[in-house]
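# Structural overview
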Amino acid sequence: MSLRWQPALLDPAGEGGWAVVHCQQGFLFDANGVLFPRAWLKRLELPLLSEQGLGYFDGDEVFLLELAHPVEVPGAAWQGLRQFMMQDEDSDRFRMLGFAAQIGTWASHHRFCGSCGHRMRQHPTERAMQCESCGIHHYPRISPSMIVLVTRGDELLLARSPRFAPGVYSTLAGFVEPGESVEQCVRREVSEEVGVSIREPRYICSQGWPFPHSLMLGFHAEYASGEIVMQPEEIEDAGWFSIHDLPGLPAPKSIARYLIELYLAKRLGRAEPVLPG
Ligand SMILES: NC(=O)c1ccc[n+]([C@@H]2O[C@H](COP(=O)([O-])OP(=O)(O)OC[C@H]3O[C@@H](n4cnc5c(N)ncnc54)[C@H](O)[C@@H]3O)[C@@H](O)[C@H]2O)c1
Ligand SMILES: [Mg+2]
Ligand SMILES: [Zn+2]
């Protein structure tokens, strides 16, 4: 893992450093990028929900200003996290922004205690929000999700959700439910979304996915039996695609794409892909 971006718990009560500015619509950027002098930002009248110390980029302190809504800043514009992922050669900057987006969303959703309704404050020594009244802690939310490539020899089972870009088909994915193992989740989601059964799923690797707070646990599974029956609400189309005739595929930096490329590499004797950290 590269050292350009290092998360750390910095005290926002201190002064100076750089800051990224986030709200639900994305990040503020200008010709110099996404890092602004924090002291300069704090002279603007920003609708601040939370200020968090994030860590170090190239050794410099980076903070987050989480806003209630986007504001106009002369010479700057707003852009969504997905666009930064698509255009960034620099995966360190995307890792920093992905972390910032998750911390900002979590902090803005935990300003008040879900248990007693009092104001929450930042815990001094942990990445946690703590209730001033009942003391309850809330840590950043991470949602484990499985993602699985199901194959049958030279064929890949790919599906599209109505949310996907036109023509794009991907591997199956879904959130782990309370009390289930990730392997049970793989079987359940495959059965729910396309109605087929699979052989023992094999864990491949994982990827943090900040849209909005998933941890993707990647698997490969061989098809066992059954015809494709699509789940109407989640799956718009699904089918078996030959490795020699594939549809539009997911974004190059996604684990979905990695699982597909890894299988193609094995079947076709190509060099194995690398999953961006
Ligand atoms: N990195 C990748 O390559 C990649 C590829 C595909 C999907 N994903 C991610 O996988 C995750 C799950 O995929 P999916 O959308 O197919 O999930 P899914 O099949 O479980 O269905 C999505 C539905 O689950 C519900 N839901 C939303 N958030 C939830 C949560 N935290 N816990 C439980 N249920 C929740 C909502 O009703 C939503 O419409 C998403 O975050 C998605 O962005 C990542
Ligand atoms: Mg799904
Ligand atoms: Zn409370």
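Being a predicted model, the structure only gives us computed values, none of them experimental.

Our next topic: the coordination of the zinc ion (ligand 3). For the zinc ion (ligand 3), the full set of protein donor atoms is Cys 113 (SG), Cys 116 (SG), Cys 131 (SG) and Cys 134 (SG), at a range of 2.3 to 2.4 Å. Classification of the site at the zinc ion (ligand 3) rests on its 4 donor atoms, whose angles at the metal span 99 to 120 degrees, yielding the label tetrahedral.

Time to look at the sheet that holds strand 8 (residues 120-122). Spatially, 8-9-10 is the arrangement adopted by the 3 strands of the open sheet, whose pairing is antiparallel. Each edge of the open sheet carries a strand with a single partner, namely strand 8 and strand 10 (137-138). Alignment of strand 8 against strand 9 (residues 129-131), held across 3 bridges, turns out to be antiparallel. Following the sheet pairing, Arg 121 is matched in strand 9 by Gln 130.

A separate point is the coordination of the magnesium ion (ligand 2). At 2.2 Å from the magnesium ion (ligand 2) lie its protein donor atoms, namely Ala 173 (O) and Glu 193 (OE). Taken together, the residues span a long stretch of sequence, with Ala 173 in strand 13 (residues 172-175) and Glu 193 in helix 4 (residues 182-194) at a distance of 20 residues.

Taken together, 19 residues sit near ligand 1, with Arg 163, Glu 193, Trp 209, Ser 214 and Ala 256 positioned nearest. Within the side chain of Ser 143, a nitrogen or oxygen atom sits 3.4 Å from a nitrogen atom of ligand 1. The contact in question runs from an oxygen atom of ligand 1 to an N or O atom on the backbone of Ala 173, over 3.0 Å. When isolated, ligand 1 has an accessible area of 840 Å², and the protein chains bury 67% of it. Put simply, the parts of the chain that give the shell around ligand 1 at least two residues each are strand 11 (143-152), strand 13, helix 4, strand 15 (202-209), strand 16 (214-225) and helix 5 (255-268). For the shell around ligand 1, the class distribution of residues is 8 nonpolar, 6 polar and 5 charged.

What follows covers the domain arrangement of the protein chain. Accessible area lost on assembly of the parts is the figure often given for the size of an interface. Taken domain by domain, the protein chain consists of domain 1 (5-109) and domain 2 (143-268). The interface of domain 1 with domain 2 comprises 9 residues on the first partner and 7 residues on the second. In total, about 730 Å² of surface goes out of reach between domain 1 and domain 2, with carbon and sulfur atoms giving 70% of it. It is Arg 82, Met 85 and Gln 102 in domain 1 that bury the most area against domain 2; as a group they hold 62% of the surface buried on that side. Where domain 1 packs against domain 2, one counts 1 residue pair in polar contact (both at pLDDT 80 or more). Looking at the side of domain 1 that touches domain 2, the elements that each hand over two or more residues are helix 2 (81-87) and helix 3 (91-109). The element best represented in the side of domain 1 that touches domain 2 is helix 2, accounting for 4 residues. Taken together, the residues of the side of domain 1 that touches domain 2 break down into 4 nonpolar, 2 polar and 3 charged.

Procedures and definitions
Residues numbered from 1 in each chain as written. Chains lettered and ligands numbered in written order. Predicted model: local features only at pLDDT ≥ 70, side-chain atom pairs only at ≥ 80, totals over all residues. Heavy atoms only, no water. Donors = N, O, S within 2.8 Å, 3.2 Å for Na, K, Ca; no water. Tetrahedral: all angles 85-135°; square planar, octahedral: opposite > 155°, others 65-115°. Pairing = 2+ DSSP bridges. Helix = DSSP H or I, 4+ residues; strand = E, 2+ residues; numbered from the N terminus. Near = heavy atom within 4 Å. Polar contact = N/O pair within 3.5 Å; in protein donor to acceptor, adjacent residues only side chain to side chain. Areas by Shrake-Rupley, 256 points an atom, 1.4 Å probe, with all protein chains shown as cover. Nonpolar A, V, L, I, M, F, W, Y, C, P; charged D, E, K, R; others polar. Domains from an automatic or database assignment. Contact = heavy atoms within 4.5 Å. Buried area = accessible area lost by both parts, 1.4 Å probe.

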